[in-house]
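Overview (structure and organization)
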Amino acid sequence: MSGKFNRILLLCAEKYSLYNSLTSILELLSENVRGFDVRSSLGPFRLKINSQSFRLPHVLRKSLERSLFDRANEALLSEIRLYRPDIVLVYNSEYLLPETCAEIKKKSRLIFFMGDSPFYTPLNPYYLSCLFYADLILCPDTFWISQLNMLGLKKTAYFLPGIDVTSYYPDNNPEDMSAGYKDIIYAGSCYNNSWGYKKALLMNQFAGMNFTLYGNRSWVRWFEFFPGLKAHFTESGYISTERLNRMFSRARIMPVDGNPAILHGFHLRLFEALGSGVLPLTEYRQDIENIVFEECSAKPPLIKDYQEARQLAEHYLSHEPERKELINALRSFILEKYSPHENACRLDDLIL
């Protein structure tokens, strides 16, 4: 299969493990795969200003935003003209403007992999309009597909990148043992709106257990409502994938909450947990049962009622052989069904 396409360009932040997952798939379709992270052309200061621009009056915000997008699209077009790819695969929207998409389409196939929905997540304001230039839109959520189809975007397909085994794997000899082993671990940002309350409500089910919660300062906002969480909280900024894997490997269970913007799909942390050898307790979403694990003899534990989450965790913590057996069965199934080779075959069939 390798070499079917001359050159493929991946537009995605390199710090995401998803970058490795997508690259491992694309390298089976072409011997020349290049990644480009446009953030390197924008610089941290400009990105920081843009992230805080929502606090400014609309006129100033729009001016700063357009300046950033113009600079980003100059860099994107320069890279594309230099590399001349057959296919451009974009994670979310990567600051693209519709006119840049039109330019890309003149000589390349344009494919988007949606990690977030333009309907529910405040991302690139041009995200949805860019999707109308797509030759193919890959979605990890069946509800997103139905929404896009309703708008007239028919070139859609359900797609999951699989486990990035170079980043998430069972680490039986973690180098940093200073924090010790934990029964339950969660690492992720919180929010200052209802999304944040929802996260805190789920994590509060594990208060009083051997549980550690790593995240940004927005978690502190919710300790007034859930004071038991405070003792479990460790404030942290960005945690590297390498360190995350070590942290996950020291734990036995990981809660995986359902982002409110994901309607039928699930957070890909479920795959990261299995990759690291920790059992995910995942908030219920119908795609998990109906598509992802439909053919698997083992079934992942799903949280269908927050009030039952603690009992579910206690069951697997007190049944260690069952926990380990379930992890191995689920991990083996995902590694086979969503391997780079299987996904490359799926993508090859979808590309017209």
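The notes below deal with the structure included here.

Parameters and conventions
- As a convention, each chain's residues are numbered from 1 in the sequence order in which they are written.
- For this predicted model, a pLDDT threshold of at least 70 governs which residues receive local features, and a threshold of 80 or more governs which side-chain atom pairs are given and counted, while totals over whole chains, interfaces and linings are taken from all residues.
- Hydrogens are left out, water is left out, and the side-chain values use all remaining heavy atoms of the structure.
- For helices the rule is a DSSP run of H or I covering at least 4 residues; for strands it is a run of E covering at least 2, with both sets numbered from the N terminus onward.
- Throughout, exposure labels follow a simple rule: accessible area from a 1.4 Å probe, protein chains only, divided by the maximum for the residue type, with under 20% read as buried, over 50% as exposed, and the rest as partly exposed.
- Only strands joined by at least two bridges in the DSSP assignment are considered to pair.
- Fitted lines through C-alpha atoms serve as axes, helices being fitted only where they are in contact, and the angles separating the N-to-C directions of these axes extend from 0 to 180 degrees.
- When checking whether two residues touch, look at their non-hydrogen atoms; a contact exists if any pair is within 4.5 Å.
- If you view a crossover with the strands going away from you and the path from the first strand over the helix to the second runs clockwise, you call it right-handed.

Next up on the list: unusual backbone geometry. Phi is positive for Asn92, which is not a glycine, with a value near 55°. Along the chain, Asn92 falls in the loop between β3 (87-91) and α5 (98-105). Judged by relative accessible area, which is 8%, Asn92 ranks as buried. Phi is positive for Glu94, which is not a glycine, with a value near 50°. Along the chain, the position of Glu94 falls in the loop between β3 and α5.

Turning our eyes to something else, we now look at the sheet that holds strand β5 (residues 136-139). The six strands are arranged β2-β1-β3-β4-β5-β6 in an open sheet whose pairing can be described as parallel. Looking at strand neighbours, the two that pair on one side only are β2 (33-36) and β6 (156-158), the edges of this open sheet. When strand polarity is set aside, the average angle formed by the axes of neighbouring strands in this sheet is 20°. Packing of helix α1 (residues 17-26) onto the sheet brings it into contact with β1 (8-11), β2, β3 and β4 (109-113), and relative to β1 it is tilted by some 165°.

Another aspect to go through is the pairing of strand β10 (residues 251-256). Of all six residues making up β10, five are buried, and the element is well covered by its neighbours. With two bridges joining them, strand β7 (residues 182-187) and β10 adopt parallel strand pairing. Residue pairing in the sheet places Ile184 in a bridge with Ile253 of β10. Sheet topology places β10 next to strand β11 (residues 279-283); four bridges connect them, and they run parallel. When the sheet's bridge partners are listed, Pro255 is paired in β11 with Leu281. Crossover connection from β10 via helix α10 (residues 269-276) to parallel β11: handedness right-handed.

Remember, this is a structural readout, not a statement about activity or role.
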